[in-house]
Amino acid sequence: MPDPVLSIRDLVVEFKTEDGIVHAVDGVSYDLFPGETLGIVGESGSGKSVSTLALLGLIPQPPGRIVSGTADFKGRDLLKLKKKELRRVRGNEVAMVFQDPMTSLNPVLTVGNQLGESIRTHFPDEKKEVVKERVIDLLKLVGVPNAETRYAQYPHEFSGGMRQRAMIAMSITNSPALLIADEPTTALDVTIQAQVLEVLRRVQAETHAATILITHDLGIVAEMCDRVLVMYAGHIVESGDVETIFRAPRHPYTIGLMDSLPKVTEDEEWLRPITGSPPSLIDLPPGCPFHPRCFLARERCRQENPPLAPVEGSAHQSACHFSDELIGHKSKFSQEAVA
């Protein structure tokens, strides 16, 4: 097996607020391998985005603070790089696609100018003609029609899907080794979502970048990812390859996420939500943070937080004291996803 492109170990991120310390990410560890697409899923507030923003120095400090951990990227710890060194890495070796392209693009600069800037920042001596040609080629790669004309247009002249394509083009201007896509299809209709995902797939095939895909949509994970991390209350509660987790989930939260989605094969009048609400990250419950909402919970769960441990000696891991009781359990969504 090749060496990982990125190795995260024991990442802890906190935010200081008037009400107390928010434990946004608590002890997250994982590896990402070349050419792999890793999905990170969970409800809002689970720590998905913060765990990746921290790698690139994009959380406000203060109130945010990286308490501990390492993020080894090609032999360098991203968390220990100085701001100037990190700027050289961002947009060059590591790039990010944000969920709202309208707020990520400058409304008073043309799209071509902004894409070109991401090249000129890292290659200041590149000729203008070469930069323009490269930008137009990138717009064509991500499926922007009439790229030569679109080059000189402003963000408000692009549709939502076109703006997201432009953001993907911007992220790959310098052929990064690591691409992070944070909810890249949020606020897009279903047809445009499919187009954007196809662009991401094509871009990864072109650049061979390792990709982290942050999403709450398990359908996207089933379609796009090789492995998946399921996060809850700042912790990874289950990890493994996509097919294994969909066929044989071994954490009650993963099962709850799958069963809460509408099923195309059934005519159900009501959705089945996970009972209760996510806990306060300022005052987490003792023991397993999921136990107040868990159908397997018992006294041990209320007292002892289970570690993320291998399931039957495999690469599949679960943070549940009673994961063995879920052997053979199949959610309705998992049956559709792997059908």
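Just so you know, these numbers come straight off a predicted model, no measurement behind them.

Rules used in this analysis
Residues numbered from 1 in each chain as written. Predicted model: local features only at pLDDT ≥ 70, side-chain atom pairs only at ≥ 80, totals over all residues. Heavy atoms only, no water. Pairing = 2+ DSSP bridges. Helix = DSSP H or I, 4+ residues; strand = E, 2+ residues; numbered from the N terminus. Salt bridge = Lys/Arg side-chain N within 4 Å of Asp/Glu carboxyl O. Buried < 20%, exposed > 50% of the residue type's maximum accessible area, 1.4 Å probe, protein only.

## A short note on the pairing of strand β1 (residues 6-17)
And step 1. With 8 bridges connecting them, β1 and strand β4 (residues 64-73) associate as antiparallel partners. When the sheet's bridge partners are listed, Val12 is paired in β4 with Ser68.
And step 2. From the end of β1 to the start of strand β2 (residues 20-32), which pair antiparallel, there are 2 residues.

## Observations concerning the pattern of salt bridges
And step 1. Summed over the entire model, instances satisfying the criterion amount to 15 salt bridges.
And step 2. The partner of Glu198 in a salt bridge is Arg201, with the nearest N and O atoms 2.6 Å apart. Linking Glu198 with Arg201, this pair stays in helix α8 (residues 190-207), spanning 3 residues, or about one helical turn.
And step 3. Overall, the relative accessible area of 30% leaves Arg201 in the partly exposed class.

## Examining the sheet that holds strand β5 (residues 76-77)
And step 1. Strand order in the open sheet formed by 4 strands is β2-β1-β4-β5, with antiparallel pairing between adjacent strands. Only two strands of the sheet have a single partner each, and these edge strands are β2 and β5.
And step 2. Across 2 bridges, β4 lies against β5 in antiparallel orientation. Residue pairing for β5: Phe73 is matched across the bridge by Arg76.

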